[in-house]
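A structural walkthrough
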Amino acid sequence: MRKAIIAGNWKMNKTPKEATELVNALKPLVKDAVCDVVVCVPAVDIANAVEAAAGSNIKVGAQNVHFMESGAYTGELSAAMLKEAGAEYVIIGHSERRQYFGETDFTVNKRVLAAVKAGLKVIVCVGEKKEERVDGYTDALVSYQTLIALTGLTPDEVKDVIIAYEPVWAIGTGLVATDEQANETIGVIRKAIEGKYGKDVADTVRIQYGGSMKPANVKGLMAQPEIDGGLIGGASLKADEFALVVNYDK
Ligand code: PGA
């Protein structure tokens with residue numbers, strides 16, 4: 001049985017002080033969660049979030065990482081820096097990074113390798129745009145994005161990776177993939193992993209759904225057999241709302 005994992009993606013929201021407040025508000029509300037609970041915060045919020053989360057079941061993650069260990073890369077952050085600041089997880093290849101910051105499948109893979117080497121747990125985002133779904137390329141595209149992202153990892157390392165299937169057309173739009181669409185495409189991703197790494201690895205990897213997931217739709221999505229959790233944007237910015245998502249089983 002795969003343990004579900006619900007992660008908040010705060011994106012470019014919350015100052016360090018607000019991060020402390022949000023994590024403190026969240027702690028009592030999610031303490032009985034049956035799933036892993038993660039908040040992926042702006043890098044400058046990591047220290048505050050980690051301090052506030054101490055002794056609770058909330059883990060802290062970052063939202064991006066550079067692939068080099070150090071050097072002349074002004075403005076970038078290495079995996080070792082994030083780790084030492086207290087991050088346990090990192091989101092890699094979010095569609096907003098692909099869309100606005102020139103992220104490619106190739107650089108996503110480099111970041112995944114650097115993060116795993118440093119001991120961070122990675123959440124790799126894949127997903128199709130609206131026109132790609134309409135044109136019938138979803139399955140090929142998400143399979144390809146997933147396999148490239150994982151290239152160079154050992155099968156054991158792949159087992160620890162978390163994939164977030166986020167149809168780009170569902171992010172921040174209020175449009176949500178139907179439970180069946182999300183389940184089916186996540187099944188396709190799992191098959192692609194099975195084809196390359198075998199059934200044992202594919203059955204172990206946790207694959208989240210992301211894209212306008214919220215209290216109103218979380219139960220239906222989480223009831224799907226292939227869906228192992230969620231990556232939550234908008235609904236992760238308020239403690240009570242995020243807690244309702246995390247406590248989807250209650
Ligand atoms: P959303 O964002 O929940 O606001 O759609 C999800 C994400 O981008 O990870």
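In case you missed it, the structure is sitting above this.
First things first, this report covers the structure right here in the doc. Computed from a prediction, not measured in an experiment: that's the story for all the values here.

Before going further, it helps to spend a moment on the overall build of the protein. Each helix and strand counted, the protein has 12 helices and eight strands in total. Taken over the C-alpha trace, the protein has a radius of gyration of 17 Å; the compact-globule value for 250 residues is 18 Å, and the two agree within 12%. In the protein, which comprises 250 residues, the share counted as buried stands at 50%. Across the protein, contacts joining residues at least 24 apart in sequence account for 74% of those joining residues at least 6 apart. In the form shown here, the protein has an accessible surface area of approximately 11200 Å², with 55% of it arising from carbon and sulfur atoms.

Contacts to the ligand come from 13 residues, most closely from Lys11, His94, Glu166, Gly172 and Ser212. In this structure, an oxygen atom belonging to the ligand sits 2.7 Å away from a main-chain N or O atom of Gly172. Here an oxygen atom of the ligand sits 2.7 Å away from a polar atom, N or O, in the main chain of Ser212. In isolation the ligand exposes 280 Å². Once the protein is present, 94% of that is buried.

Of all hydrophobic cores here, the largest spans 69 residues; its most connected members are Ile6, Val39, Val90, Val122, Ile163, Ile193 and Tyr209. Here this core gets six residues from one element, more than from any other, and that element is helix H9 (residues 179-197). Discounting chain neighbours no more than four positions away, the residues touching Val90 are Ala62, Gln63, Asn64, Val65, Leu82, Ala115, Leu120, Lys121, Val122 and Ile123.

Relative to the 18 Å expected for 13 residues at 1.5 Å per residue, helix H5 (residues 105-117) spans 18 Å between its end C-alpha atoms, a close match to the ideal helical length. Every buried residue of H5 is listed here: Asp105, Thr107, Val108, Asn109, Arg111, Val112, Ala114, Ala115 and Val116. The inward-facing, buried residues of H5 contact helix H3 (79-85), strand S4 (89-92), helix H4 (95-100), strand S5 (121-126), helix H7 (138-150) and helix H8 (155-160).

As a further point, take the sheet that holds S4. Taken in spatial order, the eight strands close into a barrel running S1-S2-S3-S4-S5-S6-S7-S8, and their pairing is parallel. Taken pair by pair, the neighbouring strands of this sheet meet at an average axis angle of 25°, ignoring direction. Judged from the four bridges that link them, strand S1 (residues 5-9) and strand S8 (residues 229-232) form a sheet pairing that is parallel. In the strand pairing of S8, Ile5 is matched with Gly229. Its contacts with the sheet place helix H12 (residues 239-246) against S1, strand S2 (36-40) and S8, and it is angled at close to 155° to S1.

Looking at where Gln145 falls in the secondary structure, it is placed in helix H7. The exposure class of Gln145 is buried, given its relative accessible area of 7%. Once residues within four sequence positions are removed from consideration, Gln145 is found in contact with Arg98, Asp105, Val126 and Gly127.

Attention now moves to the pattern of salt bridges. Scanning all chains against the criterion turns up 18 salt bridges. Between Lys199 and Asp203 there is a salt bridge; the shortest N-O distance is 3.0 Å. A residue pair is termed a helical-turn pair when its members lie 3 or 4 positions apart in one helix, as Lys199 and Asp203 do in helix H10 (residues 199-204) at four residues. Given a relative accessible area of 33%, Asp203 falls into the partly exposed group. Sharing partners across several salt bridges, the network here consists of Arg2, Arg190, Glu226 and Asp228.

The next point concerns the environment of Glu157. In this fold, Glu157 is placed in helix H8. In sequence terms Glu157 and Lys121 are 36 residues apart; their C-alpha atoms lie 9.7 Å from each other. Not counting the four nearest positions on each side in its chain, Glu157 is found in contact with Val116 and Gly152.

Conventions and cut-offs
- Residues numbered from 1 in each chain as written.
- Predicted model: local features only at pLDDT ≥ 70, side-chain atom pairs only at ≥ 80, totals over all residues.
- Heavy atoms only, no water.
- Helix = DSSP H or I, 4+ residues; strand = E, 2+ residues; numbered from the N terminus.
- Rg over C-alpha atoms; globule rule 2.2 N^0.38 Å.
- Buried < 20%, exposed > 50% of the residue type's maximum accessible area, 1.4 Å probe, protein only.
- Contact = heavy atoms within 4.5 Å.
- Areas by Shrake-Rupley, 256 points an atom, 1.4 Å probe, with all protein chains shown as cover.
- Near = heavy atom within 4 Å.
- Polar contact = N/O pair within 3.5 Å; in protein donor to acceptor, adjacent residues only side chain to side chain.
- Core = buried A, V, L, I, M, F, W, Y, C linked by side-chain atoms within 4.5 Å.
- Expected span 1.5 Å × (residues − 1).
- Pairing = 2+ DSSP bridges.
- Axes fitted to C-alpha atoms, helices over the stretch in contact; angles between N-to-C directions.
- Salt bridge = Lys/Arg side-chain N within 4 Å of Asp/Glu carboxyl O.

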